[in-house]
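The primary structure of each chain is shown beneath.
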Amino acid sequence: MPFQAFGLHPLLQRAVKELGYTEPTPVQAGAIPPALLGRDILATAQTGTGKTAAFVLPILHRLMAQPKKGIRVVVISPTRELAAQIEDACRGFAKHTDLTSTLIVGGRPIGPQERALKSAPDVVVATPGRLLDLMKQNANLFFGTTVLVLDEADSMLDMGFLPDVKRIVAKLTGRKQTLLFSATMPPTIAKLAGELLRKPETIQIGRRTATAVGITQAAYPVPANLKMALLRHLLRHTEMPSILVFTRTKHAAKKLAKQVAIDGFTVAELHSNRSPAQRTSAMAGFKRGDCQVMVATNIAARGLDVAHVTHVISTDVPDVPEDYVHRIGRTGRAGASGDAFILVSPDEEDSLARIERQVGQRLPRITLPDFDYKQAGPAMPTMTAAPRGPRPARASQARGGSSRGNKPPRRR
Ligand code: AMP
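Residues numbered from 1 in each chain as written. Predicted model: local features only at pLDDT ≥ 70, side-chain atom pairs only at ≥ 80, totals over all residues. Heavy atoms only, no water.

As for the pattern of salt bridges
Keep this limit in mind: Here, a salt bridge means any Lys or Arg side-chain nitrogen found within 4 Å of an Asp or Glu carboxyl oxygen. Numbering of helices and strands runs from the N terminus, with a helix taken as a DSSP run of H or I at least four residues long and a strand as a DSSP run of E at least two residues long. Buried, partly exposed and exposed residues are distinguished by accessible area as a fraction of the type maximum, computed with a 1.4 Å probe on protein chains only: under 20%, between the cut-offs, and over 50%, respectively.
Within this structure, the stated rule accounts for 21 salt bridges. A salt bridge links glutamate 18 to lysine 95, with the shortest nitrogen-to-oxygen separation between them at 3.1 Å. Residue glutamate 18 is located in helix 1 (residues 10-18), and its partner lysine 95 is located in the loop between helix 4 (80-93) and strand 3 (101-104); the two are separated by 77 residues in the primary sequence. On the basis of relative accessible area, lysine 95 is assigned to the exposed category, the value being 52%. When salt bridges with common partners are traced through the structure, they connect Lys227, Arg248, Asp316, Asp319, Arg327 and Glu348 into a single cluster.

Here it is in structure tokens:
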């Protein structure tokens, strides 16, 4: 089905065409027609599936048919980065129209944001905390808001934003259409959906916690204190044009970024010790391809949309399997292929087993023939801030890690 079949306003179609979209993605094919009719939507879709356009396009189309009357749409998203990305998408799709949008996020001066709200943009894209602060003084600005989008609802739950989200919803008294997107559907989100949505069109893309197709995953067993050395080895010996490296802590991210820069790579850092301006410029630099490596904490795991990420490397095993799924979803975006590697120390094998159960596949274990696993590393782990409990004696590094029969990563 071509995009034209939706009957979107010609000015929106023009923008869609300029962006190079020809065929809708499955979530777009499922959500756009009912959303154009004003129906509520409940969509379970991973990031990278094209869900932003799935809600932005029908919303903009409907706005064009109505008279302007202040803030008509509120989109809530869990992170500043994701909110910025959505607002960017709104601007991109609305570029040939007179529809306007604004971004309301924490970590930036509140004054200009308040002024932007008072200028009556059609669409407000926001993170919950800052939006709620501004709504307290300016509740009247939202009397004409009829459309609410909750994006990445499960992340908002994980990040403790649900009470704020509920307070915001309570203030949107003119709400007529609600669209809820979530990568997974934990019971709390299903309950919230039951409370907020009226006869929603339900769209489910892929398995609940399935990883995106096109991503090749592999685990690299390694003693905790050699993770840095193994990562540097991988960077030096594997062709990886654009790499997103995840660390558990901002301290580890900083340390790693420094080391990788010493090794001669161009590096950007994304973690909460960076100022909003630094985070924005890191994102922009990585997106432009100025930096080959981005080192990030989980803050970047959700929402970050960089079309060209070829490799995601996790230097720790997340305790929550969904965090892993989100991390690796940063590669293989929109049908592209990518590799996702995870460095696993013996005491993390149990967490990895949980992830494997959730993604329904055992990751191949890879041991590099040309890496010295017996070398003396630092006495303490260098990539995980605190050792997580005593290391079980049963888990030798080689356990499950023999590479016999497993190929080393593609050397490009
Ligand atoms: P999202 O899941 O909304 O973050 O989108 C992931 C990526 O897919 C973004 O870079 C979009 O620009 C891209 N994308 C979304 N829809 C389409 C489409 N129909 N055709 C091609 N690319 C798309």
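Regarding the pairing of strand 13 (residues 338-344)
Spelled out, the test is: Two strands pair if DSSP finds at least two bridges between them.
Buried residues dominate strand 13, accounting for seven of its seven residues. Side chains Gly338, Ala340, Ile342 and Val344 of strand 13 all project onto a buried face; the interleaved residues Asp339, Phe341 and Leu343 project onto the opposite face, where all are buried too. Alignment of strand 12 (residues 311-314) against strand 13, held across four bridges, turns out to be parallel. Pairing of valine 312 across the sheet is with alanine 340, part of strand 13.

Considerations on the sheet that holds strand 2 (residues 73-76)
Condition: Note on method: axes are straight lines fitted to C-alpha atoms, helices fitted across the in-contact stretch only, with angles between N-to-C directions ranging 0 to 180 degrees. Pairs of residues are marked as contacts when any of their non-hydrogen atoms sit within 4.5 Å.
Sheet architecture is open: seven strands sit in the order 3-4-2-5-6-1-7, paired in parallel fashion. This sheet does not close on itself; its edge strands, each paired only once, are strand 3 and strand 7 (201-204). Geometrically, the sheet is characterised by an average inter-axis angle of 10° between neighbouring strands, direction not taken into account. Sheet topology note: the strand 3/strand 4 (residues 123-126) ladder contains four bridges and is parallel. Along strand 4, the bridge assignment pairs isoleucine 104 with alanine 126. Of the strands in this sheet, strand 2, strand 4, strand 5 (147-150) and strand 6 (177-182) touch helix 3 (residues 51-64), which is tilted by about 170° from strand 6. Together, strand 1 (41-44), strand 5 and strand 6 form the strand contacts of helix 9 (residues 187-196), whose direction differs from that of strand 6 by roughly 170°.

Section: unusual backbone geometry
Even without glycine at this site, glutamate 152 takes up a positive phi of about 50°. The topology assignment puts glutamate 152 in the loop between strand 5 and helix 7 (153-158). Look at lysine 199: it is not a glycine, yet its phi comes out positive at around 40°. Of note, lysine 199 is situated in the loop between helix 9 and strand 7.

So, the packing of aromatic side chains
Applied cut-off: A pair of aromatic rings is counted whenever rings of Phe, Tyr or Trp (Trp by its six-membered ring) have centres within 6.5 Å, and the orientation is called stacked for planes under 30 degrees apart, edge-to-face for over 60 and tilted otherwise.
A full pass over the atoms with the stated rule returns six aromatic pairs. Judged by centre distance (5.5 Å) and plane angle (75°), the rings of phenylalanine 3 and phenylalanine 6 are edge-to-face. Of the two residues, phenylalanine 3 and phenylalanine 6, neither departs from the other in class, the shared state being buried. Taken together, a centroid distance of 5.2 Å and an interplanar angle of 65° make the contact between tyrosine 220 and phenylalanine 341 edge-to-face. In this pair, tyrosine 220 is assigned in strand 8 (residues 215-221) and phenylalanine 341 in strand 13, connecting sequence segments 121 residues apart. Residue classification places tyrosine 220 among the buried residues on the basis of a relative accessible area of 0%.

Thoughts on the nonpolar core
How we decide: Residues grouped as a nonpolar core are buried Ala, Val, Leu, Ile, Met, Phe, Trp, Tyr and Cys residues, joined through side-chain atoms within 4.5 Å.
Within the largest apolar cluster, 40 residues are counted, with the highest numbers of intra-cluster contacts made by Phe55, Leu60, Leu179 and Phe181. Among the elements that line this core, the one with the most residues is helix 3, at eight residues. Sequence-distant contacts of phenylalanine 181, that is, excluding residues within four places in its chain, are made with Val27, Ile41, Ala43, Lys51, Ala54, Phe55, Val149, Leu150, Asp151, Glu152 and Ala153. Formed by 30 residues, the second largest nonpolar core is a distinct cluster that contains Ile71, Met135, Met185 and Ile189.

Concerning the environment of glycine 338
Its place among the elements puts glycine 338 in strand 13. Taking relative accessible area as the criterion, glycine 338 reaches 5% and is therefore assigned buried. With 121 residues separating them in the primary sequence, glycine 338 and glutamine 217 have C-alpha atoms 8.7 Å apart.

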